[in-house]
Amino acid sequence: MASAQHSEHAREPSFYEAHKGWKSWFITLDHKRLGMMYLVGTMIFFLVGGIAALTLRTELLTPEQDLVSATTFNKLFTVHGAVMVFLVIIPSVPGALGNFLLPLMLGAKDVAFPRLNLLSFWIYSLGACFFLYTLFAGGLDTGWTFYTPYSTTTGTAMVSATAGAFILGFSSILTGVNFLVTVHKMRAPGMTWNRLPLFVWAIYSTAVIQILATPVLAITLLLLIVERTLNIGIFDPAMGGDPVLYQHFFWFYSHPAVYIMILPGFGIVSELIAVHSRKHIFGYKAIALSSVAIAIISFLVWGHHMFVSGQSELAGVVFSFLTFAVAVPTAIKVFSWVATLYKGSIAFNAAMIYALAFLFTFTIGGLTGIFLGALSVDVHLHDTYFVVAHFHYVMMGGTIIAFIGGIHHWWGKMTGRMYNEAHARWGALLVFIGFNMTFFNQFIIGQQGMPRRYATYVPQFQQQHVMSTIGAYILGLGLLWTAIYLLRSLKTGAQAPDNPWGGASLEWLTQSPPIEHNFHGQPRADTDPYNFPQIDRSGGMDAH
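Scope of this entry: the structure provided in the associated data block. Keep in mind that this is a model prediction, so the values were computed, not measured.

Rules used in this analysis
- Residues numbered from 1 in each chain as written.
- Predicted model: local features only at pLDDT ≥ 70, side-chain atom pairs only at ≥ 80, totals over all residues.
- Heavy atoms only, no water.
- Helix = DSSP H or I, 4+ residues; strand = E, 2+ residues; numbered from the N terminus.
- Rg over C-alpha atoms; globule rule 2.2 N^0.38 Å.
- Buried < 20%, exposed > 50% of the residue type's maximum accessible area, 1.4 Å probe, protein only.
- Contact = heavy atoms within 4.5 Å.
- Areas by Shrake-Rupley, 256 points an atom, 1.4 Å probe, with all protein chains shown as cover.
- Lys, Arg positive; Asp, Glu negative; His and termini not counted.
- Charge placed at Lys NZ, Arg CZ, Asp CG, Glu CD.
- Core = buried A, V, L, I, M, F, W, Y, C linked by side-chain atoms within 4.5 Å.
- Phe/Tyr/Trp six-rings, centres within 6.5 Å; stacked < 30°, edge-to-face > 60°.
- Lys NZ or Arg CZ within 6 Å of the ring centre and 35° of its normal.
- Salt bridge = Lys/Arg side-chain N within 4 Å of Asp/Glu carboxyl O.
- Axes fitted to C-alpha atoms, helices over the stretch in contact; angles between N-to-C directions.
- Parallel < 35°, antiparallel > 145°, perpendicular 65-115°, else oblique.
- Left-handed = near helix turned anticlockwise from the far one by under 90°.
- Nonpolar A, V, L, I, M, F, W, Y, C, P; charged D, E, K, R; others polar.
- Polar contact = N/O pair within 3.5 Å; in protein donor to acceptor, adjacent residues only side chain to side chain.
- Expected span 1.5 Å × (residues − 1).
- Patch = residues over 30% accessible without salt bridge, like charges linked within 9 Å, V, L, I, M, F, W, Y side chains within 5 Å.

Attention now goes to the overall build of the protein. Tallying secondary structure elements over the protein gives 14 helices and 0 strands in all. Its helices and strands in sequence order give the protein the pattern α-α-α-α-α-α-α-α-α-α-α-α-α-α, from N to C terminus. Taken over the C-alpha trace, the protein has a radius of gyration of 23 Å; the compact-globule value for 544 residues is 24 Å, and the two agree within 12%. The C-alpha extent of the protein, read off along each of the three principal axes, is 70 × 45 × 45 Å. For the protein, the residues scored as buried account for 59% of the 544 residues in total. A sequence separation of at least 24 residues applies to 83% of the contacts in the protein between residues at least 6 apart. For the protein, the exposed area adds up to about 20900 Å²; of that, 69% sits on carbon and sulfur atoms. Averaged over its 27 positive side-chain charges, the protein has a centre that lies 9 Å from the centre of its 24 negative ones.

In structure tokens form, the structure reads like this:
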């Protein structure tokens, strides 16, 4: 996109070397350091949520209750869900990759409000502390949705958990405001809206949802805390409240929150597919505008979570129709990615393997969402393992797979070191096989009537549960293997080139890892970020 100013300068100390000591990290205003701190934080909680999931799957190896009590089982799936949603998936891409990459991609020295960015991180940490307290205070057994009226009466640590989610919401809102202003005000000269990288478009659309939807959840959780602590009837019917009102409030936020989680993943995949197929992205404007369309439509579909809550048939029909509508912009993206791959010079490296895995798993997740959006079919599948499988194909098969692919794509830029490519391919293969073994057969047992969130089950489902558990072990092994070779690369990996993949967006113009102020001088965006004038058919990293 522009000439690389740093090539005319001697290499400078990276942002890691610019300042030393724990205090330099504790009060840093550098968006890159904050991005790395988010990355470490979300990975720690990913480990916590993953251990809870493996314990659940181990209990489900047999139809009987063998490993944990039913109460502990309830707490485990609540911890797994709440930690993964509020502490991992929602903050992972915007917090880690968004913070690190957004200013670099825009050609800016930092985000618009660096101090607000630091405040967002410490608010995230405070909210995480409330969740940790919940774990040590006996846990929570309501499920990650905190549904009333049970959540108003349970004796577990409900208040601290909801207070944690309430606090985390502020971090999300402040980060969204920061990103919106940064995109509007800090773009490099020449970077028009039609030259924004699609990852930036995705983060921008996500920020809109974060700002508009998160306050609704914050108010809802605050009302729940008030009801619990002051015995004021809001959602509990025993005190004159309405539990369905809670569901409306909760899902008005939480369905858009699904797109807070998946939209950044869309942005990552757009970058991976274009760069690693050495081909201009097909339908740039369609992909960019479909992100905005998804952000808007996501506010209109919350009622499909409540088909069996007693809402009117007319409301059910309207929400069912609107749910189908959200499939249109999503399908536009998938079509554009496939069209980009067509006749491209595809490099089958780890980053691209994760992108292809995303296409496979997310498409399954998206198509099975149509079943759940159909009113008549959803009544049969509600609260079964079909829902579990669909949700994980979208969240894990979509967001997390894209996130891991993005980590591989930008690992050299972020750390200055390259990982072992062969090890990475094996890791991607293990993750893909393990994930599909774990969740695909859950569609089958779900439509056969296996309910979710039960520690015991009838013996006819044991074979499928055993396969799911073995798949979960393989998935865990693949993720552990991935963590090992990535961490090992920090000491033994080769020095990362500034632009290992031949990317054309601005983050590749600075050195790896970047200097403290990102660029020498002000970069310019003279063309779009997917300007690959000739398709390189030789493939592979060396050709780049």
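Moving on, we get to the environment of Y204. With respect to the helices and strands, the residue Y204 is situated in helix α6 (residues 198-230). Separated by 33 residues in the primary sequence, Y204 and P237 have C-alpha atoms spaced 40 Å apart. Not counting chain neighbours up to four residues away, the residues in contact with Y204 comprise L180, V183, H184 and W193.

Attention now goes to the nonpolar core. Ranked by internal contacts, the top residues of the largest apolar core, which has 158 residues, are F86, L97, F146, W337 and F358. For this core, the leading source of residues is helix α3 (residues 70-106), giving 22 residues. Apart from residues lying up to four places away in sequence, F146 is in contact with F86, L140, S151, M158, A161, T162, A165, L221, L224 and Y246.

It is worth spelling out the packing of aromatic side chains at this point. Summed over all chains, the structure comprises 45 aromatic pairs. Consider the rings of F199 and W410, whose centres lie 5.6 Å apart with planes at 50 degrees: the pair is tilted. With F199 in helix α6 and W410 in helix α12 (residues 385-415), the pair connects residues that are 211 residues apart, well separated along the chain. You'll find F199 and W410 in the same group, each marked buried. For the pair F250 and W251, a centre-to-centre distance of 5.1 Å together with 90 degrees between the ring planes defines the contact as edge-to-face. For the pair F250 and W251, a shared accessibility class is recorded, and that class is buried. Through successive ring pairs, a cluster of aromatic residues spans F86, F131, W144, F146, Y147, F235, Y246, F249, F250, W251 and F391. Sitting above the plane of the W25 ring, R33 keeps its charged end 4.3 Å from the centroid. Positioned above the aromatic ring of W193 is the side chain of R187, whose terminal nitrogen or guanidinium carbon lies 4.6 Å from the ring centre.

A word on the pattern of salt bridges. Across all of its chains, the model carries 4 salt bridges by this definition. For D30, the salt bridge goes to K32, with nearest N and O atoms at 3.0 Å. There is no split in this pair, since D30 and K32 are both buried.

Okay, the environment of N117 next. Within the fold, N117 resides in helix α4 (residues 114-136). In sequence terms N117 and S171 are 54 residues apart; their C-alpha atoms lie 8.8 Å from each other. Apart from the residues lying within four places of it in its own chain, the contact partners of N117 are H31, L34, N99, V111 and N178.

Below, the discussion takes up the packing of helix α2 (residues 31-59) against helix α14 (residues 462-492). Taken N-terminus to C-terminus, the directions of α2 and α14 make an angle of 155 degrees; their axes are 9 Å apart at the nearest point. Relative to α14, the element α2 is oriented roughly antiparallel. Note on packing geometry: the crossing formed by α2 with α14 is left-handed. Judged by residue contacts, F46, L54, R57 and T58 of α2 engage H465, S468, T469, A472, Y473 and L479 from α14. In terms of residue class, the contact of α2 with α14 is built from 5 nonpolar, 4 polar and 1 charged.

Time to look at the side chain of T134. Among the structural elements, T134 can be located in helix α4. Here S160 takes part through its side chain, which lies 2.8 Å from a polar atom of the side chain of T134. Ignoring sequence-local partners within four residues, the contact set of T134 consists of G139, L140, A157, S160 and A161.

With that out of the way, let us pick up the side chain of H408. Within the secondary structure, H408 is located in helix α12. A polar atom in the side chain of H408 sits 2.8 Å from the backbone oxygen of I404. Once residues within four sequence positions are removed from consideration, H408 is found in contact with A350, A351, Y354, Y419, A424, T482, Y485, L486 and W501.

This part is about the environment of F179. Looking at where F179 falls in the secondary structure, it is placed in helix α5 (residues 158-185). Once the C-alpha coordinates of F179 and N441 are considered, the two residues, 262 residues apart in sequence, prove to be 40 Å apart. Contact partners of F179, with chain neighbours within four places excluded, come to P94, G98, N99, L102, V111, I203 and A207.

Next up on the list: α5. For α5, spanning 28 residues, the distance from its first C-alpha to its last is 41 Å, which sits close to the expected 40 Å at 1.5 Å a residue. Of all 28 residues in α5, 21 are buried; the element is thus mostly enclosed.

Right, let's get into α3. For an α-helix the count is 3.6 residues per turn, leaving residues at separations of three or four pointing the same way. The end-to-end C-alpha separation of α3 is 51 Å, in line with the 54 Å expected for 37 residues at 1.5 Å each. Following α3 by one or two positions, G107 has its phi on the positive side, about 75 degrees.

On the surface, W22, F26, I27 and W122 cluster together into a nonpolar patch covering about 470 Å² of accessible area. You can see W122 is positioned in helix α4.

A word on unusual backbone geometry. Negative phi is the rule for most residues except glycine; trans is the rule for most peptide bonds. That bond from T148 to P149 is cis: its omega, 5 degrees, falls within 30 degrees of zero. Look at the link from S512 to P513: it is a cis peptide, with omega at -10 degrees. For P513, the position within the fold is in the segment after α14. A positive phi angle, near 55 degrees, is found at N231, a position not held by glycine. In this model, R278 sits at a positive phi of 55 degrees, which is unusual for a non-glycine residue. Tracing the sequence through the fold places R278 in the loop between α7 (243-276) and α8 (284-297). For R278, a relative accessible area of 12% gives the class buried.

Scope: geometric values only; no functional claims are made or implied.
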